[in-house]
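Analysis of the macromolecular model
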Amino acid sequence: MYTVTLIPGDGIGPSIVEAATRVIESTGVPIQWEVAAAGLAAVDIVKDPLPQSTIDSVKKNGVALKGPLTTLLGKGFRSVNVALRKEFDLYINLRPAKSFEGVVSRYKDVDIVMFRENIEEFYSGIEHYIDAQKSAAETIGVVTRFGSERIVRAAFDYARKHGRKKVTLVHKANIMKFTGGLFLDVGKSVAAEYPDITFDDKIVDNMAMQLVMKPEQFDVIVTTNLFGDILSDLCSGLVGGLGVAPGANIGTTAAIFEAVHGSAPDIAGKNLANPSAIILASAMMLEHLGETAAATRVHRAVEAILKQGTHVTRDLNPQSTTGTKEMADAIIREIKANQPE
Ligand code: NAD
């Protein structure tokens, strides 16, 4: 029996998280969920967006499944997502973007895995106005050799373990000669230790264009925090949008699995949210727990339902009347139909 922290989150969070836990349950993997609050939901209850009890739960269990959390723009409390990543030193943000048959998108053959450094640079939280008049503001991006080396190494180790052929490092070292330059230098020296994997680097602006023009040329991508944040959403767009994009935040002592998308307040409470991304993130979580067979079954069931295209939410098929709950039901039926002997 595994014990996993479950953070339902805000907006569409509780409904998609419920769908994901039902799907996991249908695989027969025994998980005891420890429900913990965070985000606006926690502010409502305990006036704290990241209660100590939630931190303690993740610390104890080492694994969490998390719904999206609402972050207010430019005011209010700091992003709880960023705080969780810092608290548990979740330095890897891992986001696969793979084309699914049946999901309308511009490309059919995208299979990219993005490794985004998750703690440093412009998300360090070192920012302030320079004076009381707020006449200017500074955000300081700190890039360390240690932080760069471990994320680049994580990308290469993943490539080697999963039989991938190429790692592309994305930077802006032509302008940000120190932070970008350090990241690129470290990347080149780590790459030299992996002669079996092709290494190249791209300046971020060129990378954005190349991804849109010829995404099939990319395999594993590794980059710094802000570029990774932007490019991973771009990659989600290449494969049909945020509804099918899972993500994981991984450190040495804890891992938090989530959808790439946010709390989607515009569709919250309407049974309209696509649960695929968080269900695919649950498959990543099962794999992390060592439940590889169950992970594969969940992934294949999502693939099958997406391919059929009938029991999918409205974002994937505008004619569809299938809701979050009904799409999860279809995925569960698919899992049960393919139960191992
Ligand atoms: P969003 O991802 O919540 O929504 C963007 C658009 O995509 C909306 O039109 C929404 O309806 C749609 N969408 C998102 N997920 C969907 C799903 N599963 N099914 C169908 N449609 C879906 O982005 P946003 O509107 O920029 O952010 C809303 C809130 O979420 C903000 O407070 C933001 O800070 C937060 N956020 C949280 C996370 C996280 O917790 N990891 C990530 C991104 C944004």
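In case you missed it, the structure is sitting above this.
Here goes a summary of the coordinates provided. Bear in mind the structure is a predicted one, so any value in this text is a computation, not a measurement.

Section: a nonpolar patch on the surface
A surface patch of nonpolar side chains, amounting to about 200 Å² of accessible area, comprises I126, I140 and V142. On the accessibility criterion, I140 (36% relative accessible area) is partly exposed.

Some thoughts on the pattern of salt bridges
Across all of its chains, the model carries 17 salt bridges by this definition. Between R150 and D89 there is a salt bridge; the shortest N-O distance is 2.7 Å. With R150 in helix α5 (residues 145–161) and D89 in the loop between α4 (80–87) and β4 (92–98), this pair connects stretches of sequence that are 61 residues apart. With a relative accessible area of 30%, D89 lands in the partly exposed category.

Regarding helix α9 (residues 276–288)
Here α9 is 13 residues long and its end C-alpha atoms lie 18 Å apart, about the 18 Å a rise of 1.5 Å per residue gives. Counting buried residues in α9 gives 11 out of 13 residues, a clear majority hidden from the surface. Within α9, burial applies to S276, A277, I278, I279, L280, A281, S282, A283, M284, M285 and L286. G290 occupies a position one or two residues after α9 and carries a positive phi of about 95°.

So, the packing of α9 against helix α10 (residues 292–308)
One way to put it is that α9 packs onto α10 with a least axis distance of 7 Å and a crossing angle of 160°. On the basis of the axis angle, α9 is roughly antiparallel to α10. Classified by chirality, the crossing of α10 by α9 is left-handed. Across the interface between the two elements, S276, I279, L280, A283, L286 and E287 of α9 pack against T292, A294, A295, V298, H299, V302 and L306 of α10. Split by residue class, the contact of α9 with α10 holds 9 nonpolar, 3 polar and 1 charged.

Some thoughts on the packing of aromatic side chains
A full pass over the atoms with the stated rule returns 3 aromatic pairs. On the basis of an interplanar angle of 25° and a centroid distance of 4.8 Å, the ring pair of F156 and Y194 is categorised as stacked. Within this pair, whereas F156 is found in helix α5, its partner Y194 is found in the loop between α6 (179–191) and β9 (198–203), the two being separated by 38 residues in sequence. Note on Y194: relative accessible area 5%, which makes it buried. Among the aromatic residues, those joined into a ring-pair cluster are F156, Y194 and F199. Just above the ring of Y123 sits the side chain of R116; from NZ or CZ to the centre is 5.3 Å. Cation over ring: R150 sits above Y91, and NZ or CZ is 4.0 Å from the ring centre.

Thresholds applied
- Residues numbered from 1 in each chain as written.
- Predicted model: local features only at pLDDT ≥ 70, side-chain atom pairs only at ≥ 80, totals over all residues.
- Heavy atoms only, no water.
- Patch = residues over 30% accessible without salt bridge, like charges linked within 9 Å, V, L, I, M, F, W, Y side chains within 5 Å.
- Areas by Shrake-Rupley, 256 points an atom, 1.4 Å probe, with all protein chains shown as cover.
- Salt bridge = Lys/Arg side-chain N within 4 Å of Asp/Glu carboxyl O.
- Buried < 20%, exposed > 50% of the residue type's maximum accessible area, 1.4 Å probe, protein only.
- Helix = DSSP H or I, 4+ residues; strand = E, 2+ residues; numbered from the N terminus.
- Expected span 1.5 Å × (residues − 1).
- Axes fitted to C-alpha atoms, helices over the stretch in contact; angles between N-to-C directions.
- Parallel < 35°, antiparallel > 145°, perpendicular 65-115°, else oblique.
- Left-handed = near helix turned anticlockwise from the far one by under 90°.
- Contact = heavy atoms within 4.5 Å.
- Nonpolar A, V, L, I, M, F, W, Y, C, P; charged D, E, K, R; others polar.
- Phe/Tyr/Trp six-rings, centres within 6.5 Å; stacked < 30°, edge-to-face > 60°.
- Lys NZ or Arg CZ within 6 Å of the ring centre and 35° of its normal.

In short, the description is geometric, and any link to function would need to be established separately.
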